[in-house]
Amino acid sequence: MMGSAVGLNPIQALQNIAVINGRPSIYGDALAALVQNHPAFGGIEESFDDKTMTATCTVWRKGGTHHTQTFSQVDAQTAGLWSKAGPWKQYPKRMLQMRARGFALRSQFADALAGLITREEAEDMPVEREVGGAADPA
């Protein structure tokens, strides 16, 4: 259903949307594809500074101003992500890129994304407890 809401066909939705911690999320490359297919899409530029370990993503709507978002190693350390096992250790540059991209695209294309966040970001969120679940047997 979420895929249909953002314009993905059923196969694309199955391949690119994951439910993580009870919330639908989308892979970072599919997030970019959704935005690039939006009629108001003006452009996107991404870069990476190896010296400062900072990913930058600039996106704009047709006729709109450029919006730039960065995400650095320092940002990841502050968020408690840099020392996390898994992709943050294996592919740190890619993870920084996905975080900058996700923030930039969501800021400028909330209408196209209908509240979707990137899978990469959803995986880094703490697991929420069930509210109103079964009573504690203790």
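Below is a short write-up of the structure. These figures come from a predicted structure and were not determined experimentally. Along every chain, residues carry numbers that run from 1 in the direction the sequence is written. Reporting in this predicted model follows two pLDDT cut-offs: at least 70 for local features of residues, and 80 or more for side-chain atom pairs to be given and counted; totals over whole chains, interfaces and linings ignore these cut-offs and use all residues. To get the side-chain values, all heavy atoms of the structure are used, and hydrogens and water are removed first.

## Overview of the overall build of the protein
Part 1 of the reasoning: The number of helices and strands found in the protein is 8 helices and 6 strands.
Part 2 of the reasoning: Each helix and strand of the protein, ordered N terminal to C terminal, gives the series α-α-β-β-α-β-β-β-α-α-α-α-β-α.
Part 3 of the reasoning: When the 138 residues of the protein are sorted by exposure, 38% land in the buried category.
Part 4 of the reasoning: By definition in these notes, contact holds between two residues if any of their heavy atoms fall within 4.5 Å. Considering only residue pairs separated by 6 or more positions, the protein has 49% of its internal contacts joining residues 24 or more positions apart.
Part 5 of the reasoning: With residues, only the protein chains shown are counted as cover, and all accessible areas are computed by Shrake-Rupley using a 1.4 Å probe. A total of about 8,200 Å² of accessible surface is found on the protein, and carbon and sulfur atoms cover 52% of it.
Part 6 of the reasoning: The sign given to each residue is positive for Lys and Arg and negative for Asp and Glu; His and the chain ends receive no count. One atom stands in for each charge, and that atom is NZ of Lys, CZ of Arg, CG of Asp or CD of Glu. Side chains of the protein give 13 positive and 14 negative charges; the mean places of these two sets differ by 3 Å. Think of it this way: any DSSP run of H or I at least four residues long counts as a helix, any run of E at least two long counts as a strand, and we number them from the N terminus. Only protein chains enter the area calculation, which uses a 1.4 Å probe; residues under 20% of their type maximum are buried, those over 50% are exposed, and those in between are partly exposed.

## As for the sheet that holds strand S2 (residues 23–26)
Part 1 of the reasoning: Spatial ordering of the open sheet is given by S1-S2-S6, a layout of 3 strands whose pairing is mixed. The strands lining the two open edges of the sheet, one partner per strand, are strand S1 (17–20) and strand S6 (117–118).
Part 2 of the reasoning: Both S2 and S6 contribute to a ladder of 2 bridges, which runs parallel. Residue pairing across strands places Ile26 opposite Thr118, the latter belonging to S6.
Part 3 of the reasoning: Across the face of the sheet, helix H3 (residues 28–36) comes into contact with S2 and S6 while running at roughly 80° to S2. For two strands to pair, DSSP has to find at least two bridges joining them. Note on geometry: axes are lines fitted to C-alpha atoms, helical ones only across the stretch in contact, with angles between N-to-C directions running from 0 to 180 degrees.

## Thoughts on the packing of H3 against helix H6 (residues 92–108)
Part 1 of the reasoning: For the pair H3 and H6, interaxial distance at closest approach is 10 Å and the crossing angle is 30°. If you check the angle between H3 and H6, you find them roughly parallel. Handedness of the H3/H6 crossing: left-handed. Of H6, the residues touching H3 (which contributes Gly28, Asp29, Leu31, Ala32 and Val35) are Arg94, Met98, Arg101, Gly102 and Leu105. For this classification, under 35 degrees means roughly parallel, over 145 means roughly antiparallel, 65 to 115 means roughly perpendicular, and everything else is oblique. Handedness of a crossing follows from how the near helix is turned relative to the far one, being left-handed for an anticlockwise turn of less than a right angle and right-handed for a clockwise one.

## Details of the nonpolar core
Part 1 of the reasoning: The criterion is simple. A nonpolar core is a set of buried Ala, Val, Leu, Ile, Met, Phe, Trp, Tyr and Cys residues joined through side-chain atoms within 4.5 Å. Among the nonpolar cores identified, the biggest contains 30 residues, and Ile26, Trp88 and Leu96 are the most heavily contacted of them.
Part 2 of the reasoning: Excluding anything up to four places from it in sequence, Trp88 contacts Phe71, Ala76, Leu81, Trp82, Met95, Leu96, Arg99 and Asp124.

## Side note on the sheet that holds strand S4 (residues 54–61)
Part 1 of the reasoning: In space, the 3 strands of this open sheet follow the order S3-S4-S5, with antiparallel pairing throughout. Looking at the sheet topology across the chains shown, the edges are occupied by strand S3 (41–49) and strand S5 (67–72). Within the sheet, the average angular offset between the axes of one strand and its neighbour, ignoring direction, is 15°.
Part 2 of the reasoning: Relative to S5, S4 runs antiparallel, the two being bridged by 6 bridges. When the sheet's bridge partners are listed, Val59 is paired in S5 with His67.
Part 3 of the reasoning: Here H6 sits on the sheet and contacts S3, S4 and S5; the angle it forms with S5, its principal contact strand, is near 150°.

## Describing the pattern of salt bridges
Part 1 of the reasoning: Salt bridge, as applied in this entry: a Lys or Arg side-chain nitrogen positioned within 4 Å of an Asp or Glu carboxyl oxygen. A full pass over the atoms with the stated rule returns 10 salt bridges.
Part 2 of the reasoning: The residue Lys93 makes a salt bridge to Asp50 at a minimum N-O spacing of 2.6 Å. Here Asp50 lies in the loop between S3 and S4 and Lys93 lies in helix H6, a separation of 43 residues in the sequence.
Part 3 of the reasoning: Between Arg99 and Asp124 there is a salt bridge, with its nearest N and O atoms 2.5 Å apart. Of this pair, Arg99 sits in helix H6 while Asp124 sits in helix H8 (residues 119–124), placing them 25 residues apart in sequence.
Part 4 of the reasoning: Taking relative accessible area as the criterion, Asp124 reaches 18% and is therefore assigned buried.
Part 5 of the reasoning: One network of salt bridges, in which partners are shared, links Asp29, Glu46, Arg94 and Arg101.

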